[in-house]
Amino acid sequence: MSNNNGNAIEYTLTPEEGIAGSYISSYVDEKGLLKSIDIHDDENFNFGFDVVDALAKKCPDKTAMLHISKHGKERRFTFKDMMLYSNKTANYLTYLGIKKGDRVLLILKRHYQFWFTLVALHKIGAIAVPCSFLLTKKDFEYRLKAAQINAAIVTADGEVSGELDKAAKNYLGLKTKIIVGNPKEGWANYNRDIRYFSSTFKRTEESAGGNDTSLMFFTSGTTSYPKMAAHSFKYPLGHYVTAKYWHQVDSEGMHFTISDTGWGKALWGKIYGQWLSEASIFTYDYDEFFAKEILSMIEKYRMTSFCAPPTVFRMLVHVDMRKFDLSSLKNVSTAGEALNPEIYDKFYKMTGLKIMEGFGQTETTLLIANLKGMDPKPGSMGKPSPLYDIHLLADGDREVEPGQAGEICVKVSDKTPCGLYKGYYLDEEKTNAVLHDGYYHTGDTAYMDDDGYLYYIGRVDDVIKSAGYRVGPFEIENEIMKLPYVLECAVTSVPDIVRGQAIKASIVLTKGTAATDKLRKDTMKYLKANLASYKRPKIVDFVDDLPKTSSGKIRRAEIKAKDWKNA
């Protein structure tokens, strides 16, 4: 199976609208569906100069970002503001010794200074390494050494600076430490010092761009140390499809993606593709998520598009959304993990909006999605993005038939798609383990229906092999989510003397539901009536919460590891 890149059909491509047209050409059919896209091979592309500064000249007074602090303070930044503040920040960081090629930890939650700093690092040519503010001393010890970090720019909130100081005692490479917020001894003070620097920063012949490395993300490791996925300066161009055709941002509207800046989803939804599409973004720098608060903001600020992980939608459907005016919303989307059809149906009944699911990885941009012009099927990730040549493979190289499970792979033998990572930083062995024989192997499995829609099964390591059957956890979770008292769940394997592996369901109940023996028996009775015998969980465990990554993705591997270790 392959998308349009693998077909013989030739499309006449035309430049996209606005500044994106200088780099991207496409063909869109009469229904508005993207059929083919080409990103020109620009060896000098730099998002800071070619998008932010270009928009500052084209539409200086247009809102680039509406930012709401955790205390409710509103700040509107125009594209001209973004250019000027990123220039001041670039001059400040250069003064502090940060230079082209340096690796810089960036831990700023949802503070507006993140956008100034990220764009500034692009202009300098330093490599931004966004991280979660939840990291501890042990996490930092690994990241400092593995990424050879030269500098850190962190929030004053919480314990970030203290934990980093502890970790840096045994690491001599951290030369520059900058704090945003309350001042701290031994740290440069961003908010105080930035005002003294020039708002002019010139591009030179030595400025970074194109294939130079601009970003490194730590993958969310669950059973081993996280890998470092390195991206080039062309990576933002790959997110044009993300914003324009999946989020369906409105150049005259406002887009809201829920994500912390410490993980890749923030760059999927809070800057690159959105500004390439000349749309405004909304950011709320909250400390704690409240569903009603988010709905109120969508209503108040008239959001036109909204993206959030499935975890958020699972919370939203337990709120009476009919009490909020969500009429401004034209498109909603989700990614991060598979969306249960039950949640899709509940949200649609309450809002009339169909959630457009998508799929990608830290190593990629949007691989598979329900794009503009498509009618989504509940439970499906959609179809391959025309930017990637997607194949489902079994046994390493055999293309599977519709209905059969296969690993999601990207063909790279003909052309490396814009948005695919360069490799794992300083780790050729792990890079070669997934990039080989003309394909990038995602490690995720799916099947395709007769209409070309893809359905997520699970990570290769998540597939449960019980009594000779191979069972994907997601289809069992979908059935469990139909129970009205289930907030969320995770299905994993446990050791079994007879079967080799048995199935366990860890279930978080809705607020006010008591975890009784009767409820457990009722749950088992329901699953017996609605699942084939080899798919039924042997164990139902009611838990207070599920382990998750900072992006909200359930860590099934962590649950599984504990059960197998204690066996």
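Residues numbered from 1 in each chain as written. Predicted model: local features only at pLDDT ≥ 70, side-chain atom pairs only at ≥ 80, totals over all residues. Heavy atoms only, no water.

Taken together, the 9 strands give an open sheet; going across it, the order is β5-β4-β14-β13-β15-β16-β17-β18-β19, and neighbouring strands pair in mixed fashion. Pairing within the sheet leaves two strands with one partner each, and these edge strands are β5 (74-78) and β19 (383-384). Strand direction decides the pairing type here: strand β4 (residues 63-68) and β5, joined by 5 bridges, are antiparallel. Opposite H67, over in β5, you have R75 as the bridge partner. Against the sheet, helix α8 (residues 240-247) engages β13 (254-257), β15 (305-307), β16 (331-334), β17 (355-360) and β18 (366-369), with an angle of about 130° to β16. Strands in contact with helix α11 (residues 291-301) are β4, β5, β13, β14 (280-284) and β15; relative to β14, the strand with the most contacts, it is inclined by about 145°. (Pairing = 2+ DSSP bridges. Helix = DSSP H or I, 4+ residues; strand = E, 2+ residues; numbered from the N terminus. Contact = heavy atoms within 4.5 Å. Axes fitted to C-alpha atoms, helices over the stretch in contact; angles between N-to-C directions.)

A few words now on the packing of aromatic side chains. Tallied over the entire structure, the rule returns 29 aromatic pairs. Ring geometry for Y92 against Y190: centres 6.0 Å apart, planes inclined by 65°, an arrangement best described as edge-to-face. Linking Y92 in helix α2 (residues 79-95) with Y190 in helix α6 (residues 190-193), this pair joins segments that are 98 residues apart in sequence. Residue classification places Y190 among the buried positions, given a relative accessible area of 2%. Relative to F218, the ring of Y142 lies with its centre 6.2 Å away and its plane at 65°, an arrangement referred to as edge-to-face. (Phe/Tyr/Trp six-rings, centres within 6.5 Å; stacked < 30°, edge-to-face > 60°. Buried < 20%, exposed > 50% of the residue type's maximum accessible area, 1.4 Å probe, protein only.)

As a further point, take the packing of helix α4 (residues 137-146) against helix α5 (residues 160-168). At their nearest, the axes of α4 and α5 sit 8 Å apart, and the two run at 55° to each other. One finds that α4 runs oblique with respect to α5. Relative to α5, the crossing made by α4 is right-handed. For the pair α4 and α5, the contacting residues are K137, F140, E141 and L144 in the first and V160, E163, L164, K166, A167 and A168 in the second. Classifying every residue of the contact of α4 with α5 by side-chain character gives 6 nonpolar, no polar and 4 charged. (Parallel < 35°, antiparallel > 145°, perpendicular 65-115°, else oblique. Left-handed = near helix turned anticlockwise from the far one by under 90°. Nonpolar A, V, L, I, M, F, W, Y, C, P; charged D, E, K, R; others polar.)

Attention now goes to the nonpolar core. F47, M82, L93, L118, W246, I271 and W275 are the most contacted members of the largest nonpolar core, which totals 97 residues. It is helix α3 (residues 113-124) that contributes the most residues to this core, 8 residues altogether. Apart from residues no more than four positions distant in its own chain, W275 is found in contact with I19, F47, V51, V52, L55, A64, F79, M82, W115 and I281. (Core = buried A, V, L, I, M, F, W, Y, C linked by side-chain atoms within 4.5 Å.)

Reported here for the second largest pocket is a volume of approximately 880 Å³. Together, 29 residues line the second largest pocket, and Y286, F289, T311, V312 and M315 are the ones closest to its centre. The set of elements that each furnish at least two residues to the lining of the second largest pocket consists of α11 and α12 (310-316). With 3 residues, the top contributor of residues to the lining of the second largest pocket is α12. Looking at the lining of the second largest pocket residue by residue, the classes come out as 12 nonpolar, 9 polar and 8 charged. (1 Å grid on protein atoms, 1.4 Å probe; cavity = no way out; pocket = protein on both sides within 12 Å on 5 of 7 lines; lining within 4 Å. Points joined across faces, edges and corners; volume = space filled by probe spheres on them.)

Right, let's talk about the sheet that holds strand β29 (residues 486-496) for a bit. Reading across from one edge, β29-β30-β31 is the order of the 3 strands in this open sheet, with mixed pairing throughout. Every other strand in the sheet has two partners, leaving β29 and β31 (539-543) as the edge strands with one partner each. Neighbour-to-neighbour, the strand axes of this sheet turn through a mean angle of 25°, independent of strand direction. Of the pairings in the sheet, the one linking strand β30 (residues 500-509) to β31 comprises 5 bridges and is parallel in character. Residue pairing in the sheet places S506 in a bridge with D541 of β31. Packed on one face of the sheet, helix α15 (residues 473-480) meets β29 and β30 and runs near 135° to β29. Helix α17 (residues 556-565) contacts β29 and β30 of the sheet and is inclined by roughly 40° relative to β29.

Here we come to the packing of α2 against α3. Closest axis-to-axis distance for the α2/α3 pair is 8 Å, and the angle between their directions is 65°. Note on packing geometry: the crossing formed by α2 with α3 is right-handed. Each of M82, M83, Y85, S86, N87, T89, A90, L93 and T94 in α2 lies in contact with α3, whose residues at this interface are W115, F116, T117, V119, A120, L121, K123 and I124. Across the contact of α2 with α3, the residue classes break down as 11 nonpolar, 5 polar and 1 charged.

Bringing empty space enclosed by the protein into the picture now. Scanning the entire structure with this criterion turns up 2 cavities of 30 Å³ or more. Size it by volume and the largest cavity reaches roughly 60 Å³. Lining the largest cavity are R314, E337, A338, N340, F474, E477, M481, C489, I554 and R556. Considered class by class, the residues forming the lining of the largest cavity number 5 nonpolar, 1 polar and 4 charged.

On to unusual backbone geometry. With phi around 55°, Q148 is a residue other than glycine that occupies positive phi space. As for its placement among the helices and strands, Q148 is situated in the loop between α4 and β8 (151-155). Given a relative accessible area of 35%, Q148 falls into the partly exposed group. The backbone of R302 sits at a positive phi, close to 55°, despite the residue not being glycine. Take R302: it is sitting in the loop between α11 and β15. By relative accessible area, which is 38% here, R302 ends up partly exposed.

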